[in-house]
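Summary of the model geometry
Letter by letter, the chains look like this.
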Amino acid sequence: MVADLEEGAVVDPREVRAAAKNTWCVANPATSEADLQNNIQFACSSTDCSLIQYGGACFDPQTIIFHASVAMNLYYQSVGRNSWNCYFGGSGLIVTTDPSYGNCKYANAEIC
């Protein structure tokens with residue numbers, strides 16, 4: 001269960017129901033750019049991804065892995081934080097360490 005994991009653990013989203021408040025969904029760094037772009041398009045079709053648009057708090061760094069992670073997490077948080085909400089064809093990872101950086105604050109259960 002996610003709540004029993006040590007901080008910083010990475011969880012295979014197919015194996016757990018990630019209902020703990022302090023979990024985030026991020027992109028697997030081994031994912032292809034095409035798949036990351038598809039993930040962004042899918043996630044942003046149902047969530048507000050203004051954070052990763054020009055002028056948004058998460059626009060920089062302008063890399064697809066960072067933008068995909070933010071978008072995937074927004075989707076994951078908004079639809080219930082279940083393991084399948086972070087699957088993204090195997091390219092999502094559930095983490096227990098807050099991936100926020102600088103002014104870019106990743107949504108979590110307390111924010112959503």
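Described in the following lines is the structure provided in the data block. (Residues numbered from 1 in each chain as written. Predicted model: local features only at pLDDT ≥ 70, side-chain atom pairs only at ≥ 80, totals over all residues. Heavy atoms only, no water.)

1. Notes on helix α1 (residues 33–44)
In a regular helix each residue adds 1.5 Å, so twelve residues correspond to 16 Å; α1 covers 16 Å between its end C-alpha atoms and thus fits that length. Within α1, burial applies to Leu 36, Asn 39, Ile 40 and Ala 43. When α1 is viewed along its axis, its buried side chains cluster within an angular range of 100° and face the same direction. What points out from α1, more than 90 degrees from its buried face, is the exposed set Ala 34 and Gln 41. (Helix = DSSP H or I, 4+ residues; strand = E, 2+ residues; numbered from the N terminus. Expected span 1.5 Å × (residues − 1). Buried < 20%, exposed > 50% of the residue type's maximum accessible area, 1.4 Å probe, protein only. Arc of directions from axis to C-beta.)

2. Comments concerning the state of the cysteines
Applying the stated criterion across every chain, the model contains three disulfides. Here Cys 44 connects covalently by a disulfide to Cys 49, the sulfurs 2.0 Å from one another. Where Cys 44 bonds to Cys 49 through sulfur, the torsion about that S-S bond is close to -100°, and the disulfide is left-handed. (Disulfide = S-S within 2.5 Å.)

3. Thoughts on the environment of Asn 39
Within the fold, Asn 39 resides in helix α1. As for Asn 39 and Ser 69, which are separated by 30 residues in sequence, their C-alpha atoms are 9.0 Å apart. Setting aside anything within four residues of it in sequence, one finds Asn 39 in contact with Met 72, Phe 88 and Ser 91. (Contact = heavy atoms within 4.5 Å.)

4. What to know about the side chain of Thr 23
Counting through the fold element by element, Thr 23 comes out in the loop between β1 (10–11) and β2 (24–27). In terms of polar contacts, Thr 23 uses its side chain to reach the side chain of Tyr 76, at 2.8 Å. (Polar contact = N/O pair within 3.5 Å; in protein donor to acceptor, adjacent residues only side chain to side chain.)

5. A closer look at the nonpolar core
The biggest cluster of nonpolar side chains holds 25 residues, and the ones touching the most others in it are Cys 25, Ile 52, Ala 68, Val 70, Ala 71, Met 72 and Tyr 106. Elements with a minimum of two residues in this core: β2, α1, α2 (64–78) and β3 (92–95). At seven residues, the largest contribution of residues to this core is made by α2. (Core = buried A, V, L, I, M, F, W, Y, C linked by side-chain atoms within 4.5 Å.)

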